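As a plain string of letters, each chain reads:
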Amino acid sequence: MARRTKIYEGKAKILYEGPEPGTIVQYFKDDATAFNAQKKDVIEGKGVLNNRLSEFFMTGLNQIGVPTHFIKRLNMREQLVRQCEIIPLEVIVRNFAAGTMAKRLGIEEGLQLPRPIVEYCYKDDKLGDPLVTEEHIAAFGWASQQDMDDILSLALRVNDFLSGVMMAVGIKLVDFKIEIGRVYDGDFQRLIVADEISPDSCRLWDIETGQKLDKDVFRRDLGSLTDAYTEVARRLGVMPKSSTPISKPKLIN
Ligand code: 5GP
């Protein structure tokens, strides 16, 4: 069997050349990293859960007319996605203060923001993905003014969709990060939601108890990351209750 071509390996995913031109196979690894990869671990089952959860969110977005790169899930760890040029920005939407914003502005975590706040970080691991303004983005040509209008509109539509979906299962969408890709249809180009949407890239708190159900469980050593992600998947009906993708085979004496 021919070996497939690896295009890129990131911290949590590997990209392979897809079966058709213009497609990519996105493989979800079990690797977890935090604080710009200073903290690392392998969390068995994380890739399987994120593959399923990202499929769930991206499919829902496609269905309400928010374009994404997602085509179809291939197997437990892989999905077929549309190839796109990734805009070198992390687009962060915040509904409640948390993480770097709470720290930067000295605000208590959990404070509801007067309206969703959208931030942009320049995607560069060596620099630690620094916060940038639209002035930097325009001056350095990372995206045009039209792109920025489209990115803002996509980000807010994703926020409305995800907030509603999570609210329905008793989870508060505190904040999240998305990445945006550029695709060409003949002479036209348009922007689509790319990368992944999963508890790795969102802050999700239980509405009743405030329990964290996202990657902060790993970042802050708050317990089992797979238990947290499995709970999100269970509430969304993404993984059947009986499926146990994370447990190893047991020896029966
Ligand atoms: P913060 O800036 O507070 O660290 O993160 C804000 C939101 O964006 C959080 O939901 C966090 O998970 C997500 N986020 C920020 N940077 C990254 C990143 O490099 N990778 C991933 N997966 N998520 C990120």
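Residues numbered from 1 in each chain as written. Predicted model: local features only at pLDDT ≥ 70, side-chain atom pairs only at ≥ 80, totals over all residues. Heavy atoms only, no water.

**Considerations on the pattern of salt bridges**
So the rule is basically this: By definition, a salt bridge exists where a carboxyl oxygen of Asp or Glu is found within 4 Å of a side-chain nitrogen of Lys or Arg. Strands are runs of DSSP state E lasting at least two residues, helices are runs of H or I lasting at least four, and both sets are numbered from the N terminus onward. The cut-offs for exposure are 20% and 50% of the maximum accessible area for each residue type, with area from a 1.4 Å probe on protein chains only; residues under the lower value are buried, those over the upper are exposed, and the others partly exposed.
Following the criterion strictly, the structure yields 29 salt bridges and no others. Close ionic contact of Lys 29 with Glu 9 constitutes a salt bridge, the shortest N to O distance being 2.7 Å. One end of the pair, Lys 29, is in the loop between β3 (23–28) and β4 (31–34); the other, Glu 9, is in strand β1 (residues 6–9), and 20 residues separate them in sequence. Judged by relative accessible area, which is 10%, Lys 29 ranks as buried. Three or more residues are tied together by salt bridges with common partners; here these are Arg 94, Arg 104, Glu 109, Glu 119, Asp 175, Arg 203, Asp 216, Arg 219 and Arg 220.

**Considering the site of the ligand**
Formally: By convention in these notes, a residue is near a molecule or strand provided one of its non-hydrogen atoms lies within 4 Å of it. Two N or O atoms count as a polar contact when they lie within 3.5 Å, although within protein this holds only if one can serve as hydrogen donor and the other as acceptor, and sequence-adjacent residues are included solely when both atoms are side-chain atoms. The protein chains shown are the only cover counted for residues, whose accessible areas, like all others here, come from Shrake-Rupley with a 1.4 Å probe. Any residue outside Ala, Val, Leu, Ile, Met, Phe, Trp, Tyr, Cys, Pro, Asp, Glu, Lys and Arg is labelled polar, Gly included; the first ten of those are nonpolar and the last four are charged.
What surrounds the ligand is a group of 15 residues, the closest being Arg 94, Thr 100, Asp 175, Arg 203 and Arg 219. The separation between an oxygen atom of the ligand and a polar side-chain atom of Thr 100 is 2.5 Å. With respect to the ligand, the backbone of Asp 200 contributes an N or O atom lying 3.2 Å from a nitrogen atom. Here the ligand has 490 Å² of accessible area as a free molecule, and 82% of this is covered by the chains. Looking at the shell around the ligand, the elements that each hand over two or more residues are β9 (89–96), α2 (99–105), β12 (171–185) and β14 (202–206). Per-class residue counts for the shell around the ligand are four nonpolar, three polar and eight charged.

**Quick word on the environment of Lys 11**
Basically, it comes down to this: It only takes one pair of heavy atoms within 4.5 Å for two residues to be counted as in contact.
Within the secondary structure, Lys 11 sits in the loop between β1 and β2 (13–17). A C-alpha to C-alpha distance of 9.6 Å links Lys 11 and Asp 30, two positions 19 residues apart in sequence. In this structure, Lys 11 is in contact with Lys 29, Asp 31, Thr 33, Asn 36, Ala 37 and Asp 125, ignoring residues within four places of it in sequence. Side chain to side chain, Lys 11 and Asp 125 meet in a polar contact 3.3 Å long.

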